[in-house]
Amino acid sequence: MTQEIFDLSNKTIILTGSAGRLGSNFAEILADAGANLVLIDINEEANKKLEKRITKKFKIKCISSSANITVKNELLELSKVIIKKFGRIDGVVNNAFYNPRTNIEQSAMKFEDYSLDLWNDVVSVNLTGVFLCSQIFGKIMAKQKVGGSIVNISSIYGINGADQRIYGNSKLNSPPSYAATKGAVVNFTKYLAAFWNRKNIRVNTMTLGGVEDKSYMNKKFIKKYSEKTMIGRMAKNNEYNGALLFLLSNASSYMTGGNLILDGGWSSW
Ligand SMILES: NC(=O)c1ccc[n+]([C@@H]2O[C@H](COP(=O)([O-])OP(=O)(O)OC[C@H]3O[C@@H](n4cnc5c(N)ncnc54)[C@H](O)[C@@H]3O)[C@@H](O)[C@H]2O)c1
């Protein structure tokens, strides 16, 4: 019974941002649950490697695409390929996000100096990309009449303000566009859940806390961040896998319009 409610055998799940840190973990758990996968990421090389690894390791069908989620035509073309290969769509995970941190000077992250170009770039991926993928793939799901699940990935910075005291010289300050787009995703989720309630499509947000990554986070930042959580540490790469499986499978059949918060208690005190 336990296996049955989490089973995704023969379901087609679309995952955006698949080549990223969390995306590649999500791909593994979904493949392990039996889902056929469509991996979307503009990082073509890393995404192709992931496709190869998944196809070798699991007995599922998997394709990768370098479609840009901000470009409607690329997604429309991809949707034709998906229907030809898989015949249906059962789930969408809107996980991709634009992370400008690596490309720009930290001083430019300050709200007073934050550029309109950067704001628009982030909105375009984090919000418009979620809108486009939900519209194009969700429309197909709505027509199928067999139901489905859409999961939108948000962040604690979408539900709370970023505490500026923890950053110091870590160069990890969270930009205003991140807060605005991740907050918008929470209510966009509710809109869609209500709109498609009679189409048997469940739509939920998964709100995540920070994941530890020593390759770019200094010790001081990790300590300060950890102290803000009840559990006393940042998350590990694979600690959101179970929740995603829950939201995409029958295990969450009575949940829609909701926001599953996994933040080590960060937002609860
Ligand atoms: N890592 C964290 O600490 C953390 C915390 C809270 C929430 N989240 C959320 O989790 C999700 C995944 O985060 P991550 O840390 O794995 O990020 P990541 O930067 O490792 O991965 C994001 C992926 O999205 C892809 N991408 C960017 N723009 C794209 C576009 N236009 N079209 C297609 N693909 C595009 C990138 O190439 C990248 O592989 C994000 O939505 C993020 O907001 C992450």
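Structure shown above.
A brief structural summary. (Residues numbered from 1 in each chain as written. Predicted model: local features only at pLDDT ≥ 70, side-chain atom pairs only at ≥ 80, totals over all residues. Heavy atoms only, no water.)

1. Structural notes on the packing of aromatic side chains
Then, in step 1: Here the structure, examined in full by the defined rule, presents seven aromatic pairs.
Then, in step 2: Among the aromatic residues, ring-to-ring pairing joins Tyr157, Tyr167, Phe221, Tyr225 and Trp266 into one connected group. (Phe/Tyr/Trp six-rings, centres within 6.5 Å; stacked < 30°, edge-to-face > 60°.)

2. Description of the site of the ligand
Then, in step 1: The environment of the ligand is made up of 24 residues, and the closest members are Leu22, Asp41, Asn68, Tyr178 and Lys182.
Then, in step 2: Gly20 is positioned with one of its backbone polar atoms (N or O) 3.3 Å from an oxygen atom of the ligand.
Then, in step 3: Within the side chain of Lys182, an N or O atom sits 2.8 Å from an oxygen atom of the ligand.
Then, in step 4: Here the ligand has 830 Å² of accessible area as a free molecule, and 88% of this is covered by the chains.
Then, in step 5: Among the secondary structure elements, those contributing two or more residues to the shell around the ligand are α2 (21–32), β5 (148–155) and α6 (176–195).
Then, in step 6: The element contributing the most residues to the shell around the ligand is β5, with three residues.
Then, in step 7: Here the shell around the ligand is composed, by residue class, of twelve nonpolar, nine polar and three charged. (Near = heavy atom within 4 Å. Polar contact = N/O pair within 3.5 Å; in protein donor to acceptor, adjacent residues only side chain to side chain. Areas by Shrake-Rupley, 256 points an atom, 1.4 Å probe, with all protein chains shown as cover. Helix = DSSP H or I, 4+ residues; strand = E, 2+ residues; numbered from the N terminus. Nonpolar A, V, L, I, M, F, W, Y, C, P; charged D, E, K, R; others polar.)

3. Quick word on the nonpolar core
Then, in step 1: By size, the foremost hydrophobic cluster in this structure holds 31 residues, and its most contacted members are Leu30, Leu37, Ile54 and Met206.
Then, in step 2: Every element with two or more residues in this core is listed here: β1 (12–16), α2, β2 (36–40), α3 (44–57), β5, β6 (201–208) and α8 (241–248).
Then, in step 3: Ignoring anything within four residues of it in the chain, the contact list for Leu30 reads Leu8, Ile13, Ala35, Leu37, Leu244, Leu245 and Leu248. (Core = buried A, V, L, I, M, F, W, Y, C linked by side-chain atoms within 4.5 Å. Buried < 20%, exposed > 50% of the residue type's maximum accessible area, 1.4 Å probe, protein only. Contact = heavy atoms within 4.5 Å.)

4. Some thoughts on the pattern of salt bridges
Then, in step 1: Applying the stated criterion across every chain, the model contains eleven salt bridges.
Then, in step 2: Its salt-bridge partner being Arg53, residue Glu28 comes within 3.1 Å of it at the nearest N-O pair. Taken together, the positions of Glu28 in helix α2 and Arg53 in helix α3 put the pair 25 residues apart, joining distant regions of the chain.
Then, in step 3: For Arg53, a relative accessible area of 42% corresponds to the partly exposed category.
Then, in step 4: Residue Lys214 pairs with Glu212 through a salt bridge whose shortest N-O separation is 3.2 Å.
Then, in step 5: Relative accessible area serves as the criterion here: at 65%, Lys214 is assigned to the exposed category.
Then, in step 6: What emerges from the salt-bridge pattern is a single network uniting Glu28, Arg53 and Lys57. (Salt bridge = Lys/Arg side-chain N within 4 Å of Asp/Glu carboxyl O.)

5. A word on the pairing of strand β4 (residues 91–94)
Then, in step 1: A two-sided burial pattern is seen for β4, the buried positions comprising Gly91 and Val93 on one face and Val92 and Asn94 on the other.
Then, in step 2: Pairing of β1 with β4 involves three bridges; the strand directions are parallel. Residue pairing across strands places Ile13 opposite Gly91, the latter belonging to β4.
Then, in step 3: Here β4 pairs with β5 via four bridges, running parallel. The partner of Asn94 across the bridge, within β5, is Asn152. (Pairing = 2+ DSSP bridges.)

6. Description of the sheet that holds β1
Then, in step 1: Ordered by their spatial adjacency, seven strands build an open sheet running β3-β2-β1-β4-β5-β6-β7, and the pairing between neighbours is parallel. Bordering the open sheet on either side are β3 (62–65) and β7 (259–262), each of which pairs with just one other strand. Across this sheet, the average inter-strand angle for adjacent strands is 15 degrees, counted without regard to direction.
Then, in step 2: Where α3 meets the sheet, its contacts fall on β2 and β3, and the angle it forms with β3 comes to roughly 180 degrees. (Axes fitted to C-alpha atoms, helices over the stretch in contact; angles between N-to-C directions.)

7. Some thoughts on the environment of Asn73
Then, in step 1: With respect to the helices and strands, Asn73 occurs in helix α4 (residues 72–86).
Then, in step 2: Here Asn73 falls in the exposed class, since its relative accessible area comes to 55%.
Then, in step 3: Linking Asn73 and Ile136, residues 63 residues apart in sequence, is a C-alpha distance of 10.0 Å.

8. Comments concerning unusual backbone geometry
Then, in step 1: A positive phi angle is found at Asn10, which is not glycine, with a value near 65 degrees.
Then, in step 2: For Asn10, a relative accessible area of 60% translates into the label exposed.
Then, in step 3: With a phi close to 65 degrees, Asn200 is a non-glycine residue in the positive phi region.
Then, in step 4: Structurally, Asn200 is set in the loop between α6 and β6.
Then, in step 5: A relative accessible area of 48% means that Asn200 is categorised as partly exposed.

9. Thoughts on α6
Then, in step 1: Under the 1.5 Å per step criterion, the end-to-end length of α6 is 29 Å for 20 residues, consistent within 8% with the ideal 28 Å.
Then, in step 2: Packing partners of the buried residues in α6 comprise α5 (116–144), β5, β6 and β7. (Expected span 1.5 Å × (residues − 1).)

Purely spatial values, then, with no claim about function.
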